[in-house]
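Coordinates in review
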Amino acid sequence: MTTKPKIFIDGESGTTGLQIYSRLNQRDDIELVSIEASKRKDATERAKLINAVDVVILCLPDDAAREAVSLVSNTTVKILDASTAHRTAEGWVYGFPELNPGQREKIASAQFVSNPGCYPTGFLACIRPLIAKGILKADFPITVNAVSGYSGGGKNLIQKYDSFHEQQAGGESLYPYGIYGLQFGHKHVKEMHYFSGLASPPLFVPSVGDFEQGMLVQVPLPLGILDNPPSGEVIYEAIANYYQSEKFVQVVPLGEPTLLRDGTFLDAKAMNDTNFVQVFVFANDATKEALLVARLDNLGKGASGAAVQNLNIMLGFSEELGL
Ligand SMILES: NC(=O)C1=CN([C@@H]2O[C@H](COP(=O)(O)OP(=O)(O)OC[C@H]3O[C@@H](n4cnc5c(N)ncnc54)[C@H](OP(=O)(O)O)[C@@H]3O)[C@@H](O)[C@H]2O)C=CC1
Ligand SMILES: CC(=O)N[C@@H](CCC(=O)OP(=O)(O)O)C(=O)O
């Protein structure tokens, strides 16, 4: 009988950890190992488990994730970090299998894998094919506007919204929508810049809406600044070809009307509870404007679904198991 790989989720009771747990706990091809709740922040107890399993999934704030990595003494244990701490760090592989040819092979053989941020997953899914294929040059000025459900802010933001909902007592939302990060330099910009291949960091404005889960990431392309702008069809074909063999990145056919609610709104929640990121291209060749949009579940392909996909790759399992 072959032994099942042992998995420890450090931060199992947090927002991301719970979602990973729920995707893994029905599986009989792995063994989930848990820490006693009262000892979940005890470094000695965590170190024992971290060094006794095959893969540790870190679902912790950045500092606690760095601490967990410092506790690793077993050179055979693999670490998958869902936090921002190691996304551009040396010695770590970026856990976005669809990003570049050969990326999933790197994930499969790595000891240290970082799970991408939710916003960067949407952004990179849109822009990476255009830079990689030379449809846009690396110096094209890029801005990103995105909206996330409030679970993107973890337990703290969920608690805040729970209390808003109590105060509004069924009435109109107290905080329906707000932009943030207005000092710029959001913690995700570094990985957006690094893995896109852009010459300069994109200007990123995130926002949060009064819904728990779901995300839209918008990348406007003011093509009129170019002498010979690519058409919408060229942009669409480049992105669609890039992901043609990928299951979890869906490039929606150009001008697909049925995906807009009432023909008008693109709904942020439509990918919830899935591991898909959808990429849309909207374009007007006459006005030389285009807009790329990614739609994903911040807790799906944006966090926990992506973590399970990476775990499967790291264990040499079929990538789609449990997703
Ligand atoms: N929410 C999202 O959409 C996404 C989150 N992420 C990242 O995943 C990580 C986890 O985020 P999220 O689940 O949202 O956050 P939560 O705040 O919901 O959960 C964090 C968990 O870590 C535990 N924890 C905190 N400090 C320690 C410690 N020193 N030792 C052990 N456990 C500790 C907390 O326990 P306690 O509550 O008891 O303090 C809590 O269970 C973060 O780095 C986040 O940025 C990544 C992508 C998307
Ligand atoms: C709505 C909200 O607050 N979202 C979070 C991003 C969540 C996330 O992806 O965090 P990691 O980079 O640690 O993975 C934020 O903007 O900080």
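Counting from 1, residues in each chain are numbered in the order their sequence is written. To read the labels, note that chains go from A and ligands from 1, taken in the order they are written. pLDDT decides what is reported in this predicted model: residues at 70 or higher carry local features, side-chain atom pairs at 80 or more are listed and counted, and totals for whole chains, interfaces and linings draw on all residues regardless. Calculated side-chain values reflect all of the structure's heavy atoms, with hydrogen atoms and water omitted.

So, on to the overall build of the chain. Across its full length, the chain carries nine helices and 13 strands. Throughout, the radius of gyration refers to the C-alpha atoms, and the reference size of a globule is 2.2 Å times the residue count to the power 0.38. Compactness check: the chain gives a C-alpha radius of gyration of 20 Å against a globular reference of 20 Å for 323 residues, within 12% of the reference. Across its three principal axes, the chain shows a C-alpha extent of roughly 65 × 50 × 35 Å. Taking all 323 residues of the chain together, 51% fall into the buried category. Only heavy atoms enter the contact rule, under which two residues are in contact if any of them lie within 4.5 Å. By sequence separation, contacts in the chain at least 24 residues apart represent 71% of the contacts at least 6 residues apart. Computed with a 1.4 Å probe, the accessible areas rest on the Shrake-Rupley method; for each residue, only the protein chains presented here act as cover. Roughly 15,100 Å² of accessible area belongs to the chain as shown, and the carbon and sulfur atoms make up 51% of that amount. As used throughout, the charge tally considers Lys and Arg to be positive and Asp and Glu to be negative, leaving His and the chain termini uncounted. Charged side chains are reduced to one point each, which is NZ for Lys, CZ for Arg, CG for Asp and CD for Glu. A distance of 4 Å separates the average location of the 27 positive side-chain charges in the chain from that of its 36 negative side-chain charges. In DSSP terms, a helix is any run of H or I states spanning at least four residues, a strand is any run of E spanning at least two, and both are numbered starting from the N terminus. Buried, partly exposed and exposed residues are distinguished by accessible area as a fraction of the type maximum, computed with a 1.4 Å probe on protein chains only: under 20%, between the cut-offs, and over 50%, respectively.

The subject of this paragraph is the site of ligand 1. Throughout this document, a residue counts as near a molecule or strand when at least one of its heavy atoms sits within 4 Å of that molecule or strand. Of all residues adjacent to ligand 1, which total 23 residues, the nearest are Thr15, Arg40, Lys41, Leu60 and Lys155. Any pair of nitrogen or oxygen atoms within 3.5 Å is treated as a polar contact; in protein, a donor-acceptor pairing is required on top of that, and neighbouring residues in sequence qualify only through side-chain atoms on both sides. Here an oxygen atom of ligand 1 sits 3.4 Å away from a polar atom, N or O, in the side chain of Ser13. A distance of 3.1 Å is found between an oxygen atom of ligand 1 and a backbone nitrogen or oxygen belonging to Gly14. Using a grid of 1 Å spacing that covers the protein atoms alone, one calls a set of points a cavity when a 1.4 Å probe fits there but cannot get out, and a pocket when the set is open and has protein on both sides within 12 Å along at least five of seven lines; lining residues are those with an atom within 4 Å of a point. Each molecule is assigned to a cavity or pocket provided more than half of its atoms lie within 2 Å of the corresponding grid points. At a threshold of 2 Å from the grid points, most atoms of ligand 1 map onto the largest pocket. When residues of the shell around ligand 1 are traced back to their parent elements, those giving at least two are α1 (15–24), α3 (62–70), α6 (154–168) and α9 (300–315). Among the residues forming the shell around ligand 1, the class breakdown is seven nonpolar, ten polar and six charged. Here the term charged refers only to Asp, Glu, Lys and Arg, the term nonpolar to Ala, Val, Leu, Ile, Met, Phe, Trp, Tyr, Cys and Pro, and the term polar to all other amino acids, Gly among them.

Once that is clear, we can look at the environment of Lys133. Relative to the helices and strands, Lys133 is located in the loop between α5 (118–132) and β7 (143–149). We classify Lys133 as partly exposed; its relative accessible area is 40%. Residues Lys133 and Ala238, spaced 105 residues apart in sequence, show a C-alpha to C-alpha distance of 7.4 Å. Ignoring anything within four residues of it in the chain, the contact list for Lys133 reads Ala238, Asn241 and Tyr242.

The UniProt entry lists Cys118 under the feature "active site" (unreviewed entry), expressed in the numbering used here. Mapping Cys118 onto the fold places it in helix α5. For Cys118, a relative accessible area of 12% gives the class buried. Apart from residues no more than four positions distant in its own chain, Cys118 is found in contact with His188, Met215, Leu296, Asn298 and Gly302. UniProt positions are given in the numbering used here, feature names are shortened, and annotations may be inferred rather than shown by experiment.

Below, the discussion takes up the pairing of β7. Within β7, five of the seven residues are buried, which leaves it mostly tucked inside the rest of the structure. Relative to strand β9 (residues 203–209), β7 runs parallel, the two being bridged by seven bridges. Bridging from a neighbouring strand, Ala146 pairs with Pro206 of β9. Relative to strand β10 (residues 215–222), β7 runs antiparallel, the two being bridged by four bridges. Across the sheet, Asn145 pairs through a bridge with Gln218, a residue of β10. Think of it this way: DSSP has to see at least two bridges between two strands before they count as a pair.

This part covers the nonpolar core. Generally speaking, nonpolar side chains in soluble globular proteins are found buried as a group. In these notes, a set of buried Ala, Val, Leu, Ile, Met, Phe, Trp, Tyr and Cys residues joined through side-chain atoms within 4.5 Å is what counts as a nonpolar core. One finds Phe123, Ile142, Leu221, Ile235, Ile239 and Leu292 to be the most contacted residues of the largest nonpolar core, which totals 43 residues. Ranked by residues supplied to this core, first place goes to α5 with nine residues. Judged by nonpolar contacts, the second largest core, of 20 residues, contains Ala65, Val72, Val77 and Trp92.

On to the UniProt feature "domain: Semialdehyde dehydrogenase NAD-binding" (unreviewed entry) in the chain. Under the UniProt annotation, the feature "domain: Semialdehyde dehydrogenase NAD-binding" (unreviewed entry) is placed at residues 6–107. Across residues 6–107 one finds 31% helix and 18% strand; the C-alpha atoms that close the span lie 18 Å apart.

Let's shift gears to empty space enclosed by the protein. Grid points are joined across faces, edges and corners, and a volume is the space filled by probe spheres set on the points. Going through the model one piece at a time under the given rule, you end up with one cavity of 30 Å³ or more. Counted as a void, the largest cavity has a volume near 30 Å³. As for the largest cavity, its lining consists of Gly95, Phe96, Pro97, Pro116, Thr121, Lys301 and Ala306. Residue composition of the lining of the largest cavity, grouped by class: four nonpolar, two polar and one charged.

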